[in-house]
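Here's the letter readout for the chains.
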Amino acid sequence: MAAARLCSLRRQLLWPLIPQRGYRGDSPTDSGKDVLEIPLPPWQERPDEPLDTKRARLLYESRKRGMLENCILLSLFAKENLARMNEEQLNRYDRLINEPSNDWDIYYWATEAKPTPAEFDTDVMAMLREFAKNRNREQRLRQPDLEYLFEPPR
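Residues numbered from 1 in each chain as written. Predicted model: local features only at pLDDT ≥ 70, side-chain atom pairs only at ≥ 80, totals over all residues. Heavy atoms only, no water.

A. The arrangement of the pattern of salt bridges in detail. Evaluation of the coordinates by the stated rule reveals 12 salt bridges. With a shortest N-O distance of 2.8 Å, D103 and R65 are connected by a salt bridge. Taken together, the residues D103 in helix α5 (residues 103-110) and R65 in the loop between α2 (51-63) and α3 (68-81) connect sequence positions 38 residues apart. Each of the two residues, D103 as well as R65, counts as buried. (Salt bridge = Lys/Arg side-chain N within 4 Å of Asp/Glu carboxyl O. Helix = DSSP H or I, 4+ residues; strand = E, 2+ residues; numbered from the N terminus. Buried < 20%, exposed > 50% of the residue type's maximum accessible area, 1.4 Å probe, protein only.)

Next comes the structure, spelled out in structure tokens:
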């Protein structure tokens with residue numbers, strides 16, 4: 001018991017003297033000079049890709065985003081919409097999820113936290129924004145299971 005009190009007292013006395021490590025993204029003095037921009041290969045349209053292959057690829061790319069928020073949002077959106085999108089809409093969706101180099105941009109545009117640039121402000125973006133509003137108050141905590149791929153289309 002005394003050892004625990006001594007350890008606690010030592011921590012209280014020494015804590016202010018130990019330099020704290022960590023990242024604060026809201027720091028007003030952050031110059032951003034240490035941020036690296038990793039160049040990505042430019043997005044290329046695939047005009048000769050069969051529609052079934054395109055849908056399968058877009059489904060995969062909607063599920064594997066690199067940030068959980070977009071994995072959930074885009075995978076659920078893809079489940080609900082990819083099957084009924086025409087070829088032009090699939091091409092616009094492909095460009096939307098693959099051309100921007102920052103996934104947060106897509107998330108902020110979909111949730112209307114930031115304005116969508118004109119080149120991405122299409123009917124597909126409007127569908128995604130409407131989907132993100134979740135008007136039916138569905139519980140969206142994880143990606144859909146893939147069993148729906150084997151069900152007959154609705």
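B. Here's a closer look at the environment of V124. Its location among the elements puts V124 in helix α6 (residues 123-133). In the structure, V124 is positioned 30 residues away from D94 in sequence and 10.0 Å away in space, judged by C-alpha atoms. If sequence neighbours within four positions are ignored, V124 has contacts with F77, M85, Q89, R92 and Y93. (Contact = heavy atoms within 4.5 Å.)

C. Region of interest: the packing of α3 against α5. Between α3 and α5, the least distance of the axes is 10 Å, while the angle of their chain directions is 55 degrees. When the axes of α3 and α5 are compared, the pair comes out oblique. α3 and α5 meet at a crossing whose hand is left-handed. Between α3 and α5, the contacting residues are E69, N70 and L73 on the first element and D103, W104, I106, Y107 and A110 on the second. Each residue belonging to the contact of α3 with α5 can be placed in one class, and the counts come to 5 nonpolar, 1 polar and 2 charged. (Axes fitted to C-alpha atoms, helices over the stretch in contact; angles between N-to-C directions. Parallel < 35°, antiparallel > 145°, perpendicular 65-115°, else oblique. Left-handed = near helix turned anticlockwise from the far one by under 90°. Nonpolar A, V, L, I, M, F, W, Y, C, P; charged D, E, K, R; others polar.)

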